[in-house]
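Chain and residue survey
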Amino acid sequence: MMDFNGRGYQAAGRWLVEDSGLTFNEIKEIRNMATRKVNVLYKKFINDVRIGSDDGFSDVTWQTVANGFQSFHSCTAESLTEMYDENRYTESFAYAFYIVDEIEEEQFAANQFLKRERAMKRIEEMRRFGGGFDQKLIAAFEHADNGNKRKLAVGFPELFEHLVD
């Protein structure tokens, strides 16, 4: 249903994320399974195909996976070489999964933002309601240079690790 060959990699990737009904973990598993299948083809045929470039070999192995079960299980070094020579492949199927990487990066950034926000909220609570040590520690962090902020983050990671680079 992803119809990579009909839609192209961008539309296939969007379909996978927006319309497939799969969870993000299921989508990642599809990407991982496709990558494993490409690796199997690579190891099986790398020394036997007559393709002029690594990029071309990558494209035809990804295309073979995109073509489905029968194509994957019946391919030979000769059929991969013919696919390449006859230009019977499209942009790499791997590109359809770039959207997964983009989502992972967005999730990571969002998680970092939330951790930073929680740390800031905790520090504000300590500033207002904490004891003398807590308040002095926060004041020291706020006035420290970047090197000393990192040292405080190492010593008190629950407070400061998300506030330094």
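Coordinates for the structure precede this section.
Thresholds applied
Residues numbered from 1 in each chain as written. Predicted model: local features only at pLDDT ≥ 70, side-chain atom pairs only at ≥ 80, totals over all residues. Heavy atoms only, no water. Helix = DSSP H or I, 4+ residues; strand = E, 2+ residues; numbered from the N terminus. Buried < 20%, exposed > 50% of the residue type's maximum accessible area, 1.4 Å probe, protein only. Axes fitted to C-alpha atoms, helices over the stretch in contact; angles between N-to-C directions. Parallel < 35°, antiparallel > 145°, perpendicular 65-115°, else oblique. Left-handed = near helix turned anticlockwise from the far one by under 90°. Contact = heavy atoms within 4.5 Å. Nonpolar A, V, L, I, M, F, W, Y, C, P; charged D, E, K, R; others polar. Core = buried A, V, L, I, M, F, W, Y, C linked by side-chain atoms within 4.5 Å. Phe/Tyr/Trp six-rings, centres within 6.5 Å; stacked < 30°, edge-to-face > 60°. Lys NZ or Arg CZ within 6 Å of the ring centre and 35° of its normal.

Observations regarding unusual backbone geometry
A positive phi is found at Asn-87, a non-glycine position, where the angle reads about 55 degrees. Within the element layout of this structure, Asn-87 appears in the loop between helix H6 (77–85) and helix H7 (98–129). Under the relative-accessibility criterion, Asn-87 is labelled exposed at 55%.

Some words on the packing of helix H3 (residues 24–45) against helix H4 (residues 54–66)
At a minimum axis distance of 9 Å, the contact between H3 and H4 shows a crossing angle of 125 degrees. Between H3 and H4, the angle falls in the class oblique. The chirality of how H3 crosses H4 is right-handed. Contacts between H3 and H4 involve Ala-34, Thr-35, Lys-37, Val-38, Leu-41, Tyr-42 and Phe-45 from the first element and Phe-57, Thr-61, Trp-62, Thr-64 and Val-65 from the second. Class assignment for the residues of the contact of H3 with H4 results in 8 nonpolar, 3 polar and 1 charged.

A few points about the nonpolar core
One recurring pattern in soluble globular proteins: nonpolar side chains tend to sit buried together. Of all hydrophobic cores here, the largest spans 28 residues; its most connected members are Phe-45 and Phe-93. Breaking this core down by element, the ones donating at least two residues are helix H2 (9–18), H3, H4, H6 and H7. At 6 residues, the largest contribution of residues to this core is made by H3. Of all hydrophobic cores here, the second largest spans 12 residues; its members include Ala-119, Leu-137, Phe-160 and Val-164.

Digging into the packing of aromatic side chains
Evaluated as defined, the whole model comprises 6 aromatic pairs. Between Phe-93 and Phe-97 the ring centres are 5.2 Å apart and the planes differ by 70 degrees, which places this aromatic pair in the edge-to-face class. Residue class for Phe-93 comes out buried when judged on its relative accessible area of 8%. By relative accessible area, which is 3% here, Phe-97 ends up buried. Put simply, the rings of Trp-62, Phe-93 and Phe-97 pair up and form one aromatic cluster. Above the ring of Phe-72, the side-chain terminus of Lys-37 is found at 4.5 Å from the ring centroid. The ring of Phe-141 has Lys-149 sitting right over it, with the charged end atom 5.3 Å from the ring centre.

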